[in-house]
Amino acid sequence: MTSATRVLVLNSGSSSVKYQLLDMRDGSRLAVGLVERIGESTSRLVHTPAGGGRRERTAPMAGHEAALRAVAAELTADGLGLDSPDLAAIGHRVVHGGLRFTEPTVVTDEVLAEVERLVPVAPLHNPANIVGIRTARALRPDLPQVAVFDTAFHTTMPEHAARYAIDTETADAHRIRRYGFHGTSHAYVSRETARLLGRDPSEVNVIVLHLGNGASASAVAGGRCVDTSMGLTPLEGLVMGTRSGDVDPAVTFHLRRVAGMSVDEIDELLNKRSGLVGLCGDNDMREIRRRIDEGDERARLAFDIYVHRLKKYVGAYYAVLGRVDAVAFTAGVGENAAPVREAALEGLEQLGLAVDPELNAVRSGEPRLISPAGARVAVAVVPTDEELEIARQTYSLVNN
Ligand code: AMP
C-alpha cells in the first residue's frame, strides 16, 4: 500500500508527449498538458493546472528528455513536482504489448526489452513509448513506472477471431495475427456502459464503437473482448480519419506492381492519405457535415462510405455476440456526431436497434442513452477517458 495518491499518465508519441496528473482519491485532474514538435526548433508546451491559467511556451526541445524536464518544471511551479512524495507512480500508454502483456505491468529492464522486441510489429508507436518510459525512469528511478498496453484488453479474443487465414508457419514465425488496439478505451467504455444500464459488466454484451481520428469496433461479451476490428496494426477495420481500414490485400500488390509505388509509399498512402481525408480531403467530421449541408457530393460520399463500413461491423458483431444488450458510441466522432450515430443504426430496427432523434440531439459530456424507451437493445453515448483508465490500472497495480 502507498499513501501517495497521485498518478502521472504519459502518452509519448514520436514527436509529442501528452500528460495528465490525476488525484486518485476522486479521479480529478491536477494538471493536463502536452508538448508537441519535439526535436524541432519550435517545440511547444501547453500546460493547464486544475484551477485554470493555461501556460504556453515555445522553446527548442531536442528530445523526449528535454520535453519531460520541461513538463516536470511546469508541475514543480504548481507545487506538483515529480519529486513529491504524493506521486505514487507514472503510468505509460504503450501501444503494442503483443501476446505477452495481458495486464498492466510494472516496468523492469526485462519488460522494456520485451517491449523493444515488439518494435517490428509496431514500428510507428512502440519506439516513442519506449523513449518516454526510459526518460521517466531516468528522472525518477525509484518510482514505479507502469506500462498499460493498448492491446491488453483484446488478448482474450479467441484464436478463431485473432488468426488470419494465412499459412500458419509463416504467421507464427513473424507473429502475424490480429492484436487490436484502443483496448484501454474499449475496456473503460464497455464497463461504463454496464454501469449506465445498472448491471454488472459480466452480465452484458456490448458493441463498442470507438470513433475518433483512429476508429475501431469491438464485441465485448460479459466484460471480455471476443472480437475487434483493428488487426496486426491499427490499419484494419473501420474507415478512419486518414486510414483506409479494410481493403483487399491485393490492392497493395497492385499499387506496387502496376502503380510502381514503393512499400513505404503504399504504407503512407493507406495510413495517412486514405480514409475520410483520402475520400474527400477532410478528416474532421464537423467539416464534412458542413460541406454536406452545402451540397458537396464528395463529402456526402465519404460520409456514406464511413457509415456503410460502420454498419457492417455492427451487424458482424451482433452475429458474433448472438445477444446484444448495448451499442456504445465513443471518442470524438462517436460522442459528438449525432448524424453518424443515426445513420449507422438506420434500418436496423429488426435487430432491436434504434436511435431516438431527440435524445440523439442532446449534447452532453455525460454517459447517456439515446435509444427509445423500451428498446430491446440500449444505444448509448459513453465518453471515453483513456487517461483515467490508465491511471486507475496503474494505481491499482502499485497500491496492492
Ligand atoms: P479523437 O481522436 O477521439 O480526439 O477524435 C477526433 C475527431 O473527432 C475529429 O477529427 C473530428 O472528426 C471528430 N469530432 C470532434 N468534435 C466533433 C464534433 N463536435 N462533431 C463532429 N465530429 C467531431
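Just so we're clear, the structure is a prediction, and the values are computed from it rather than from any experiment.

K.L.:
Quick question: what am I supposed to make of the overall build of the chain here?
P.N.:
Assigned secondary structure in the chain consists of 15 helices and 14 strands. Taken over the C-alpha trace, the chain has a radius of gyration of 21 Å; the compact-globule value for 400 residues is 21 Å, and the two agree within 12%. Overall, the C-alpha framework of the chain stretches about 60 × 55 × 45 Å when taken along its three principal axes. Residues counted as buried form 52% of the 400 residues belonging to the chain. In the chain, once contacts between residues fewer than 6 apart in sequence are set aside, the share between residues at least 24 apart is 63%. Within the structure as shown, the chain displays about 17,800 Å² of accessible surface, and the carbon and sulfur contribution to it stands at 52%.

K.L.:
Explain the sheet that holds strand E14 (residues 378–381) to me, please; I cannot follow it from the model alone.
P.N.:
In space, the 6 strands of this open sheet follow the order E11-E10-E9-E12-E14-E13, with mixed pairing throughout. The sheet is open, and its two edges are formed by strand E11 (224–228) and strand E13 (368–369), each paired on a single side. Of the strands in this sheet, strand E9 (205–211), strand E10 (215–221) and E11 touch helix H11 (residues 297–321), which is tilted by about 160 degrees from E9.

K.L.:
Is there a simple way to explain the nonpolar core in this structure?
P.N.:
Among soluble globular proteins, nonpolar side chains are generally buried collectively. Ile207, Leu209, Leu211, Met285, Tyr306, Val340 and Leu353 are the most contacted members of the largest nonpolar core, which has 44 residues in total. Elements with a contribution of two residues or more to this core: E9, E10, helix H9 (275–280), helix H10 (285–293), H11, strand E12 (326–330), helix H13 (338–345) and E14. Ranked by residue count, the leading element in this core is H11, at 11 residues. Among all residues touching Ile207, those that are not within four sequence positions of it are Ser218, Val314, Tyr317, Tyr318, Leu321, Val324, Ala326, Val327 and Ala328. Counting residues in each nonpolar core, the second largest holds 32 residues, with Ala162, Tyr188, Ala194 and Ala391 among its members.

K.L.:
Help me understand the pairing of strand E5 (residues 55–58), please; the structure alone is not making it clear to me.
P.N.:
Each regular strand carries side chains that alternate between the two faces of the sheet. Sheet topology note: the strand E4 (residues 44–49)/E5 ladder contains 4 bridges and is antiparallel. Across the sheet, His47 pairs through a bridge with Arg55, a residue of E5. Here E4 hands over to E5 after 5 residues, with Gly52 in that stretch at a positive phi of 90 degrees.

K.L.:
Is there a simple way to think about the layout of surface pockets in this case?
P.N.:
A water-sized probe, rolled over the atoms, reveals where empty space remains. By volume, the second largest pocket amounts to about 440 Å³. Secondary-structure elements contributing two or more residues to the lining of the second largest pocket are strand E8 (145–149), helix H6 (183–196) and helix H15 (386–398). The element that contributes the greatest number of residues to the lining of the second largest pocket is H6, accounting for 5 residues. When the residues that make up the lining of the second largest pocket are grouped by side-chain class, the tally is 8 nonpolar, 9 polar and 4 charged.

About the thresholds
The residue numbering used here restarts from 1 in each chain and proceeds along that chain's sequence as written. Residues qualify for local features only when their pLDDT is at least 70, as the model is predicted, and side-chain atom pairs are given and counted only at 80 or more; totals for whole chains, interfaces and linings, by contrast, use all residues. Note that water and hydrogens are dropped before the side-chain values are worked out from all heavy atoms of the structure. Per the convention used, a helix needs a DSSP run of H or I reaching at least four residues, while a strand needs a run of E reaching at least two, with both numbered from the N terminus. The globule rule is 2.2 Å times the number of residues to the power 0.38, and the radius of gyration it is compared with is taken over C-alpha atoms. Exposed residues in this analysis have more than 50% of their type's maximum accessible area, buried residues have under 20%, and partly exposed residues fall in between, with area computed by a 1.4 Å probe over protein chains only. Note on definitions: a residue-residue contact is assigned when non-hydrogen atoms from the two residues lie within 4.5 Å. Every accessible area reported is derived by Shrake-Rupley at a probe size of 1.4 Å, with residue values counting cover from the shown protein chains alone. A pair of strands is labelled paired if DSSP reports no fewer than 2 bridges between them. Lines fitted to C-alpha atoms define the axes, with helix axes restricted to the stretch in contact, and inter-axis angles between N-to-C directions lie between 0 and 180 degrees. Buried residues of nine kinds, namely Ala, Val, Leu, Ile, Met, Phe, Trp, Tyr and Cys, make up a nonpolar core once their side-chain atoms join them within 4.5 Å. Cavity and pocket criteria rest on a 1 Å grid covering protein atoms alone: a 1.4 Å probe that fits but cannot get out defines a cavity, protein on both sides within 12 Å along at least 5 of 7 lines defines an open pocket, and an atom within 4 Å of a point defines a lining residue. Grid points are joined across faces, edges and corners, and a volume is the space filled by probe spheres set on the points. Residue polarity follows a fixed list, in which Ala, Val, Leu, Ile, Met, Phe, Trp, Tyr, Cys and Pro are nonpolar, Asp, Glu, Lys and Arg are charged, and the others, Gly among them, are polar.

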